[in-house]
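Below are the chains, spelled out letter by letter.
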There are 2 protein chains.
Amino acid sequence: MTTRDHALLRIAVDLVILTVREGALQTLVVIRGNKPFAGQFALPGGFVRAGEGLDDAAVRELAEETGLDGGSLHLEQFAVYGEPDRDPRGRVVSVAYLAIMPDLPVPTAGSDASGAAWVPVSKIHGSLAFDHDRILTDAVERARRRLELTTLATAFCPAEFTIGDLRSVYEVVWGESLDPRNFSRKVINTEKFIEPTGAKRIPPTGRPAALYRAGGATTLNPPIMRNRSR
Amino acid sequence: MTTRDHALLRIAVDLVILTVREGALQTLVVIRGNKPFAGQFALPGGFVRAGEGLDDAAVRELAEETGLDGGSLHLEQFAVYGEPDRDPRGRVVSVAYLAIMPDLPVPTAGSDASGAAWVPVSKIHGSLAFDHDRILTDAVERARRRLELTTLATAFCPAEFTIGDLRSVYEVVWGESLDPRNFSRKVINTEKFIEPTGAKRIPPTGRPAALYRAGGATTLNPPIMRNRSR
DNA sequence: TAGCTTGGTGTTGTTATGACATAAACTCCA
DNA sequence: TGGAGTTTATGTCATAACAACACCAAGCTA
């Protein structure tokens, strides 16, 4: 083989942006304007520019697609997809990022995407362009496991949230219901997971709920494990 | 920006091959024969070839460096390193793989590497070429966490091993000692983690130990958590 | 003020865990 | 042949974590 037999290729970042909306785990997808797969749904993303770092590219794409500051929310590289034939345009290796955000009114006034929309993960599954179905599946599994061991759940919540909000995140992402009372105790007894703000939120009906903000911790000790037996 | 402003680059795989040797966690390093960093230690790896998948490239490099069949041992992609200036030769994005193997007499009759050697992780730390120190650190941390939640520890062991062997893996990788009796109970009570072969190993002195092989499980339920408080 | 709804705390029986004690199996050697 | 020494395997027990469930608290509405 010659020295020139090295793979010369382009590298891209793809974003799996997850949030909890309307009681469902949803992801942001774009409708592709160009070939290939024109008109079909795909994950937001794009090519890494010359001289640009991977994380920088992910932050930039996130800003372009959602108008949000990528530095302020959870953004985490989680896998690479590099099958030679995964992109019909040629060799493209894609670095996949997992982004978590609260349910904000996203402008999605993006430029690249001809349209961006939130869709429930359970609905979109099986109809994405390229190998994005697999990327999405991997991302969701990653997020589910991350809830067990890290404070990732707070990234789904706004700055102030109730324990019920936090529990709802777990229930929606895991797809199983949790005991509210035991959940409260676990969360409160975990050091630095959440800290009270002192304020309360008054619901249309029922007792007011204390508000909390995310604590300093990133890892959960002890972990909050889902029930794998069921 | 123009369409041609996309990063055109080469992609490489780097391997962190871990084993437990002589009571220490060791990794395989090569001495670089070419510039840059000639004569310095580095992780084994190389460029991905045209038309070659990432996992395929990792398996190939593993075979070249160690003479071992990559398909038969644990090989897992764990991170991507793509800072624009991480390689003085130009833009190189590296996909890092974590390989785990038992303490076999490795031929290391490689072709690329002018020399390959096992070195304790604690010794080599801080003296590797490129950004390989960081890659190694990330890999070790990954392996440590994987021991908690998966059956990765069996990958450090030969086909047949005792519970003491398995415990030793945990102790060496985690750097802390575990209670043999409680460890036994946990391991045996975990479904499909290990299964007895029926045979025994007779040590030079002491009671023979029952031999086990790896069970079918890949995830550990419940997990075996290290003591984070200490 | 009764009734509804949601949030938060107690109680209890069961299971997992950590610390430590003891028995079992083998070799060596007197 | 029968300890002594060494390593593996199993047992015990107090405590901690946990799931399931009862109950109380705090707001609103009627």
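Residues numbered from 1 in each chain as written. Chains lettered and ligands numbered in written order. Predicted model: local features only at pLDDT ≥ 70, side-chain atom pairs only at ≥ 80, totals over all residues. Heavy atoms only, no water.

**Focus: the pattern of salt bridges**
Thinking step 1. Within this structure, the stated rule accounts for 36 salt bridges over all chains.
Thinking step 2. Note that Asp-103 of chain A is salt-bridged to Arg-21 of chain A, the shortest N-O span being 3.0 Å. In this pair, Asp-103 of chain A sits in the loop between β6 (92-100) and β7 (116-120) while Arg-21 of chain A sits in strand β1 (residues 8-21), placing the two residues 82 residues apart along the sequence.
Thinking step 3. A salt bridge links Asp-138 of chain B to Arg-134 of chain B; the shortest N-O distance between them is 3.5 Å. Placement of both Asp-138 of chain B and Arg-134 of chain B in helix α3 (residues 132-149) is noted, with a separation of four residues, approximately one turn of the helix.
Thinking step 4. Of the residues examined, Asp-138 of chain B reaches a relative accessible area of 26% and is grouped as partly exposed.
Thinking step 5. Note on Arg-134 of chain B: relative accessible area 52%, which makes it exposed.
Thinking step 6. Shared partners join several salt bridges into a network, and the residues in it are Arg-49, Glu-52, Arg-60, Glu-61 and Glu-64 of chain A. (Salt bridge = Lys/Arg side-chain N within 4 Å of Asp/Glu carboxyl O. Helix = DSSP H or I, 4+ residues; strand = E, 2+ residues; numbered from the N terminus. Buried < 20%, exposed > 50% of the residue type's maximum accessible area, 1.4 Å probe, protein only.)

**Let's talk about the side chain of Thr-190 of chain B**
All names here are of chain B.
Thinking step 1. The residue Thr-190 is located in the loop between α5 (180-189) and β8 (194-201) in this model.
Thinking step 2. Here Thr-190 falls in the buried class, since its relative accessible area comes to 4%.
Thinking step 3. Here Thr-190 is in contact with Leu-220, Asn-221 and Pro-222, once residues within four sequence places are set aside. (Contact = heavy atoms within 4.5 Å.)

**A look at the relation of the copies chain A and chain B**
Thinking step 1. Placing chain A over chain B gives an RMSD of 0.1 Å and needs a rotation angle of 179°, together with 0.0 Å of translation along the axis. Such values leave the two copies arranged in the relation of a two-fold axis. Closest to the rotation axis within chain A is the C-alpha of Leu-9 of chain A, separated from it by 3.0 Å.
Thinking step 2. Counting the interface residues of chain A, we find that 100% of their copies in chain B are interface residues as well, pointing to one common contact surface. (Least-squares fit on C-alpha atoms with pLDDT ≥ 70 in both.)

**Remarks on the interface of chain A and chain B**
Thinking step 1. In this complex, chain A contributes 32 residues to the contact, which on the side of chain B involves 32 residues.
Thinking step 2. For the chain A and chain B pair, buried surface summed over both sides reaches about 2800 Å², with 61% attributable to carbon and sulfur atoms.
Thinking step 3. Between chain A and chain B we count zero salt bridges in total.
Thinking step 4. Linking chain A with chain B are six residue pairs in polar contact (both at pLDDT 80 or more).
Thinking step 5. Taken together, the elements giving at least two residues each to the side of chain A that touches chain B come down to β1, β5 (74-81), β6 and α3 (132-149) of chain A.
Thinking step 6. Split by residue class, the side of chain A that touches chain B holds 18 nonpolar, six polar and eight charged. (Buried area = accessible area lost by both parts, 1.4 Å probe. Polar contact = N/O pair within 3.5 Å; in protein donor to acceptor, adjacent residues only side chain to side chain. Nonpolar A, V, L, I, M, F, W, Y, C, P; charged D, E, K, R; others polar.)

**A few points about unusual backbone geometry**
Thinking step 1. Along the chain, Asn-221 of chain A connects to Pro-222 of chain A via a cis peptide bond; the corresponding omega equals 5°.
Thinking step 2. Along the chain, Pro-222 of chain A turns up in the segment after β9 (209-214).
Thinking step 3. Of note, the phi angle at Phe-130 of chain A is positive, near 50°, even though the residue is not glycine.
Thinking step 4. For Phe-130 of chain A, the location among the structural elements is in the loop between α2 (121-124) and α3.
Thinking step 5. Notably, Phe-37 of chain B is not glycine yet its phi reads approximately 65°, a positive angle.
Thinking step 6. Assignment of secondary structure puts Phe-37 of chain B in the loop between β2 (24-31) and β3 (41-42).

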